Amino acid sequence: MKKLTFDQIRQTWLDFFKSKNHEILPSKSLVPINDDSLLWINSGVATLKKYFTGELTPNNNRLTNSQRAIRTNDIENVGVTSRHHTFFEMLGNFSIGDYFKKEAINWAYELLIQHFGFAHECLYITVYEQDKESYDLWIKLGIKQSHIIKCNKERNFWEIGQGPCGPCTEIYYDRGIKYDPKNIGEKLIFDDIENDRYVEIWNIVFSQFNNDGNNNYQELSRKNIDTGAGLERLASIIQDVPTDFDTDMFMPIIKEINTLTSYQYDVNAYFSDNVKQKNINRDFKIIADHLKACTFAIADGVHPSNKERGSIIRRLIRRAMVCARRLKIENKFTALISKVVIKTMANYYPYLVTKQDEITNALTKEEELFAKTLENGYKLFEQALIQNKNELPTDTIFKLVDTYGFPFEIIQELAKENHLTIDLDAYKQRFSKHQDVSRANIETKGMLQQHNDLINFVQPSIFDYDITTVENTKIIGLFDLDFKQVDKVSHGYFVTDITCFYATSGGQVCDSGYAIIDGKHYDILNVIKMPNGQHLHLVELKHGALTINKGISLYINAANRKKASANHTVEHLLQYVLRKYISQDIQQEGAFKSSEKVTFDFHYNKKITDEQIKLIQTEVNKLIKQSLNVKVDYMSLVKAKEYGALAWFEDVYAKIKGDLRVITIGDISKEICGGTHVKNTSKIEQFIIVKLVSKGDNAYRIEAITTKVTIYKYLNREICFIRSEVEKMVNSLKELKIDDKSFINKVNELDYENEQENLDKLRIALTNLQKEFHLLTFAKQKLNVEQSTKDLIGQQWNVSISKTINYCTTNNLQPKAIINALSTLAKTNKNITYVLFNLVNTKVQYYVYSFAINAQELITKINELLNGTGGGKVNFAQGGSASNETLQKAIDYLKQL
């Protein structure tokens, strides 16, 4: 076995597949881009999904990467097992309809044996029991039959419901008897028993079939290869150390923790029975793993918070702090550990160095915030000790885990030290419910089905950016609503040899418009981009059907195209201004462009202020007024990079004429972009930001509009809304007979002219008026309640025959007044039950207050009589009915009760 550092292992992998004509893809952000189905990038293939489903076609059908990833669904195993992590790197090689089983298996063997120096005789292989081809390929490479395990579908067939699926083959490495203390041997791998001797190092998935959802499997015309090998696992085997944490990926971090505590990490504890030392090692591992994950997550824009990703990072920091407390690390430590993580990983991730201050500041801030909470967690445990002599309550355990970040294993130790038992089954049941919710957020919500007919359609179709109509073009392809290619269709999709319709892509929605077919007008309902770039138009004919070679004329809504183009061009200007005036690190992480508006998603590690929003808006408008020319060029990806074109390569940019489309605005902006644009920034006319949305985790969305007509309509709508809200408040004050001259004077001072200049002032004024209105009406309502309460207490009540129930009927009284009066009366006359019916239009509300009988039981009876619903407690209950028609029945019942 060659002795390699983890950096060398990664580079060997990438270089090997580069020599096999693979394109090396950079490791992408942990935060998925334009993919709401994932909370985190959790595998090497997660960033390539659209290639595998056929939605997009890559520049090279052979790809390789080392992708950073986060998984927290098995967080309880981190530090306990040898190979569980929250943050890890997944090495992968992928084929999108190119090579298949022979090449994938041969190259895997070649890399492991010739380049990493793995021992041939130590390899064990699993294959799907019906996959004879893979079995034969491994035999041909010299793997013993006894080392190849044929497995059932559950173990060696990869699928997630409907969509692409197929068999897989897994490569295991036998680490020898020292990792098999009970000398169980091959039974460990044959029976798939969790162990550290036979370690899975590589999984190769053959995406070969399509599952229609009913377990009917159709062979895919474009077969794919998806592989994954954990860098941490490879490093532990190549470096011959007991666990992933003993490799050079983690030891510098662990050595730094050693300097902060009197406890010491011991590599050899793995082979001993020293439980105490193993628990110490576990705390070291949790700290190292969790702070590594947090370092990368914060660098990718996710800061600790109470929402989504931020809540997970917060939990990881808290778990690390719990373990640090057990190791008696007293001073602030998270920033120190993070700096070592950055230094260790900087060779492949140099951006960590530039983000160091942001990372360490975020960690230190969270550490300071949680310090007191951590002490409260220990106080909660100590209270449980006092209150429970034998068993630690499940609710306490779950709160310690979920709220205070205590690892469950540490709670078990604390319980054992204090002679308390734990109901493990009850905790597992409670945790399982919570885990199901968490996993729903981190796993894919579903796989897009691979549409073979779309993938196989290669007939060229031209989209012309510069035209708005196409007269008598020809239909060259037809598809039904399930994207099956057909000869004729009435409600479905068509492709023409030339089109003027832009297809939804790059965040810009498709053109609206219509088609003329046999002299009849039909709206185009949608336009989507096919895997090979053609534009697919959706239409529904009321009569007849479309057929191949049929003539058709296309017309887009030119006015909407102009607005959408203005919004797309202004998005480029907005990106330029954000990077220049706010932060050079800002990049577009999702955008939406239509004829109505433009949105721009980005991360920024500080709060965006009102002054900054005004600055952004002002600077964008300056660029618009400069009348900058917008130029379109076509060039290769290499040339585009040399040219300085911005491109967030998570997206795939449409190839036109064999090259990429580059949009240049004056001398300020160069971006690879396939969208529609104005010819000159003056055509944008005007730009205003209508909304800044904080999405949590330092993620923001700017929503803006352009063109004078759109802005006028928006401002007019907003002003009308403010005027309407003010009028409502004035009318309400009149109805309540509140005469407040100060309030009316402020209303009269509102300036509804010069909408754009005054809109922000009007919004502030409206907010202040609403606050003042609530204070005025609250005071009035309070007086009304007090008076109504007095009136109810003093009024004459009806009395039942038994003279133990007093009841009455009122109209439109406030519930608070009713409850106050009944409470006072019932507490004064504890032998009397008070029942009140309050009529509100045709509805009736009813209340029971009593210290003499069960109020809830009486409400249940009244519910039956009035066909109503309600409930309450022993002394007070209430209900309501949509109709008061049977009210007399309830009153008659009370009389006789």
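Coordinates for the structure precede this section.
As the structure is a prediction and not an experimental result, all values here were calculated from the model.

Asks: Give me the nonpolar core: which residues, what numbers.
Replies: Counting residues in hydrophobic clusters, the biggest one holds 112 residues, and the most contacted among them are F118, I171, I201, W202 and I287. In terms of residue count, the dominant contributor to this core is helix α9 (residues 275–299) (twelve residues). For W202, the contacting residues outside a window of four places in its chain are W13, F17, N93, A108, L111, L112, T169, E170, I171, T227, G228 and A229. In terms of nonpolar packing, the next biggest core, distinct from the first, is built from 31 residues, F600, Y604, I684 and F687 among them.

Asks: A description of helix α1 (residues 6–19) should follow, citing residues and the corresponding values.
Replies: Helix length check: α1, at 14 residues, gives a terminal C-alpha distance of 20 Å against a target of 20 Å (1.5 Å per residue), a fit within 8%. Three or more residues of α1 are buried, namely F6, D7, I9, R10, W13, L14, F16 and F17. Immediately downstream of α1, the backbone of N21 shows phi near 65°, a positive value.

Asks: Residue-level account of empty space enclosed by the protein, with values.
Replies: By rolling a water-sized probe across the atoms, one finds the places where empty space is left. In this structure the tally under the stated criterion is two cavities of 30 Å³ or more. In this structure, the second largest cavity spans a volume of roughly 30 Å³. Around the second largest cavity sit S82, R83, R175, V199, S236, I237, P242, T243 and D244, which together line it.

Asks: Please provide a residue-by-residue account of the sheet that holds strand β33 (residues 833–840), values included.
Replies: Strands sit in the order β31-β32-β33-β34-β36-β35 across an open sheet of six strands; the sheet is mixed. The sheet is open, and its two borders are formed by β31 (798–799) and β35 (869–872), each paired with just one other strand. Two strands pair when backbone bridges link them, and β35 and strand β36 (residues 876–881) are joined in this way by four bridges, in the antiparallel orientation. Residue pairing for β36: T869 is matched across the bridge by G880. Strands β33, β34 (843–849) and β36 of the sheet are contacted by helix α24 (residues 815–828), whose axis makes an angle of about 25° with β34.

Asks: I'd like a description of the side chain of S850, backed by residues and values.
Replies: Structurally, S850 is set in the loop between β34 and α25 (855–866). Judged by its relative accessible area of 0%, S850 is buried. Among the polar contacts made by the side chain of S850, one reaches the main-chain amide nitrogen of A852 at a distance of 2.9 Å. Discounting chain neighbours no more than four positions away, the residues touching S850 are A826, I832, T833, V874 and N875.

What counts and what doesn't
- Residues numbered from 1 in each chain as written.
- Predicted model: local features only at pLDDT ≥ 70, side-chain atom pairs only at ≥ 80, totals over all residues.
- Heavy atoms only, no water.
- Core = buried A, V, L, I, M, F, W, Y, C linked by side-chain atoms within 4.5 Å.
- Buried < 20%, exposed > 50% of the residue type's maximum accessible area, 1.4 Å probe, protein only.
- Helix = DSSP H or I, 4+ residues; strand = E, 2+ residues; numbered from the N terminus.
- Contact = heavy atoms within 4.5 Å.
- Expected span 1.5 Å × (residues − 1).
- 1 Å grid on protein atoms, 1.4 Å probe; cavity = no way out; pocket = protein on both sides within 12 Å on 5 of 7 lines; lining within 4 Å.
- Points joined across faces, edges and corners; volume = space filled by probe spheres on them.
- Pairing = 2+ DSSP bridges.
- Axes fitted to C-alpha atoms, helices over the stretch in contact; angles between N-to-C directions.
- Polar contact = N/O pair within 3.5 Å; in protein donor to acceptor, adjacent residues only side chain to side chain.

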